[in-house]
Amino acid sequence: MTDAATARRSRITPERAAELYQAVLDLLREVGYDALTMDAVAARTRSSKATLYRQWGGKAELVARAIRHSKPARISDVDTGSLRGDFHAIVRHEDDCAMEQNSALMRGLAMAVHSSPDLLAAFREQLIEPETTALRVMLTRAVDRGEVAPDNPALPFVVHMMIGAFATRALIDEQPPTQDFLSSYIDAVVLPALGVPTA
């Protein structure tokens, strides 16, 4: 980002940005992505549309950044010394209530991501790529520690397994993902696939 762009973006304080992000998430839950407009965000937050566009460029980036901001911690901050500890620490970052809300929000955005190239690009940049990169670093540490064989065939599929359990719980079981469900899934499916002991 250029110095000029950085200066433009720095006009909103972190506290104000947090308020805006919360308003965006509230609107997403109320009306969905397609019906969410920058006009509505501006009205809800008593902001000017020009400020919103100057700061975030458009709806897709604003939504992706709001969701990124709402995550309680980054996977890259987790390092417990064991892969099982790391995976369980990730699950503990969100309580069941927050997980249920985020699961419903992500289900609502799933269709929008497929029909909006801008939203898909923003999601990849703000959420998917940072999280998958951090997860690969976590798995590399486990390989370096000797917990996981470097040629384990499950390694390329860990991201899919982790996201799949979260995303499909409501579809298959008609229940939201919970800490207990995800912890059990990690111990029963992910870690055995990687050859990591669960006790």
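Reading the values: the criteria
Residues numbered from 1 in each chain as written. Predicted model: local features only at pLDDT ≥ 70, side-chain atom pairs only at ≥ 80, totals over all residues. Heavy atoms only, no water. Helix = DSSP H or I, 4+ residues; strand = E, 2+ residues; numbered from the N terminus. Buried < 20%, exposed > 50% of the residue type's maximum accessible area, 1.4 Å probe, protein only. Contact = heavy atoms within 4.5 Å. Areas by Shrake-Rupley, 256 points an atom, 1.4 Å probe, with all protein chains shown as cover. Lys, Arg positive; Asp, Glu negative; His and termini not counted. Charge placed at Lys NZ, Arg CZ, Asp CG, Glu CD. Axes fitted to C-alpha atoms, helices over the stretch in contact; angles between N-to-C directions. Parallel < 35°, antiparallel > 145°, perpendicular 65-115°, else oblique. Left-handed = near helix turned anticlockwise from the far one by under 90°. Nonpolar A, V, L, I, M, F, W, Y, C, P; charged D, E, K, R; others polar. Polar contact = N/O pair within 3.5 Å; in protein donor to acceptor, adjacent residues only side chain to side chain. Expected span 1.5 Å × (residues − 1). Bend = angle between axes of the 7 residues up to and from the residue. pLDDT = per-residue confidence, 0-100. Salt bridge = Lys/Arg side-chain N within 4 Å of Asp/Glu carboxyl O.

**Quick word on the overall build of the protein**
So, point 1. In terms of regular secondary structure, the protein is built from 10 helices and 0 strands.
So, point 2. In sequence order, the secondary structure elements of the protein are arranged as α-α-α-α-α-α-α-α-α-α.
So, point 3. With the C-alpha coordinates of the protein rotated into their principal frame, the extents come out at 55 × 45 × 30 Å.
So, point 4. Each of the 199 residues in the protein was classed as buried or not, and the buried ones make up 39%.
So, point 5. Taking the intrachain contacts of the protein between residues at least 6 apart in sequence as the baseline, contacts between residues at least 24 apart amount to 67%.
So, point 6. Roughly 10,900 Å² of accessible area belongs to the protein as shown, and the carbon and sulfur atoms make up 55% of that amount.
So, point 7. Of the charged side chains in the protein, 22 are positive and 26 negative, and the gap between their average positions amounts to 7 Å.

**Here's the deal with the packing of helix 3 (residues 38-45) against helix 4 (residues 49-56)**
So, point 1. Axis separation between helix 3 and helix 4 bottoms out at 9 Å; the angle between their running directions is 110 degrees. Here helix 4 runs roughly perpendicular to helix 3, going by the angle between their axes. Considering how the two elements wind past one another, helix 3 and helix 4 form a crossing that is right-handed. Here helix 3 contributes Met 38, Asp 39, Val 41 and Ala 42 to the contact with helix 4, which in turn contributes Lys 49, Leu 52 and Tyr 53.
So, point 2. Looking at the contact of helix 3 with helix 4 residue by residue, the classes come out as 5 nonpolar, no polar and 2 charged.

**A look at the environment of Val 196**
So, point 1. Looking at the element boundaries, Val 196 is found in the segment after helix 10 (179-194).
So, point 2. Sequence separation of Val 196 and Ala 142 is 54 residues, and the distance between their C-alpha atoms is 9.5 Å.
So, point 3. When neighbours within four sequence positions are excluded, Val 196 is seen to be in contact with Leu 83, Glu 147, Val 148 and Leu 191.

**As for unusual backbone geometry**
So, point 1. The phi torsion at Arg 46 lies on the positive side, around 50 degrees, for a residue other than glycine.
So, point 2. The residue Arg 46 is located in the loop between helix 3 and helix 4 in this model.
So, point 3. The exposed category is assigned to Arg 46, whose relative accessible area is 74%.

**So, the environment of Ser 47**
So, point 1. Relative to the elements of secondary structure, Ser 47 occurs in the loop between helix 3 and helix 4.
So, point 2. Along the sequence, Ser 47 and Leu 20 sit 27 residues apart, while their C-alpha atoms lie 8.9 Å from each other.
So, point 3. Sequence-distant contacts of Ser 47, defined by excluding residues within four places in its chain, comprise Arg 16, Leu 20, Ala 42 and Leu 52.
So, point 4. A polar atom in the side chain of Ser 47 sits 2.8 Å from the side chain of Arg 16.

**Let's talk about helix 2 (residues 14-35)**
So, point 1. End to end, helix 2 covers just 26 Å across 22 residues, shorter than the expected 32 Å (1.5 Å per residue, more than 12% under).
So, point 2. At Arg 29, helix 2 shows its largest kink, close to 90 degrees.
So, point 3. Contacts from the buried residues of helix 2 go to helix 3, helix 4, helix 5 (59-70), helix 7 (96-115) and helix 8 (117-145).

**Here we look at the confidence of the model for the protein**
Do not read the predicted coordinates in detail wherever pLDDT is low.
So, point 1. Per-residue confidence for the protein gives a mean pLDDT of 88, with 94% of residues at or over 70.
So, point 2. Looking over the protein, one finds the lowest element-wise mean pLDDT in helix 1 (residues 3-9), namely 44, and the highest in helix 10, namely 96.

**Some points on the pattern of salt bridges**
So, point 1. Summed over all chains, the structure comprises 10 salt bridges.
So, point 2. Linking Glu 19 and Arg 16 is a salt bridge whose minimum nitrogen-to-oxygen distance equals 3.1 Å. Of this pair, Glu 19 and Arg 16 both sit in helix 2, separated by 3 residues, roughly a single helical turn.
So, point 3. Assessed through its relative accessible area of 24%, Arg 16 is described here as partly exposed.
So, point 4. For Asp 187, the salt bridge identified is with Arg 84, shortest N-O distance 2.8 Å. One end of the pair, Asp 187, is in helix 10; the other, Arg 84, is in helix 6 (residues 83-92), with 103 residues separating them in the sequence.
So, point 5. Linked through salt bridges whose partners overlap, the residues forming this network are Asp 79, Asp 86 and Arg 141.

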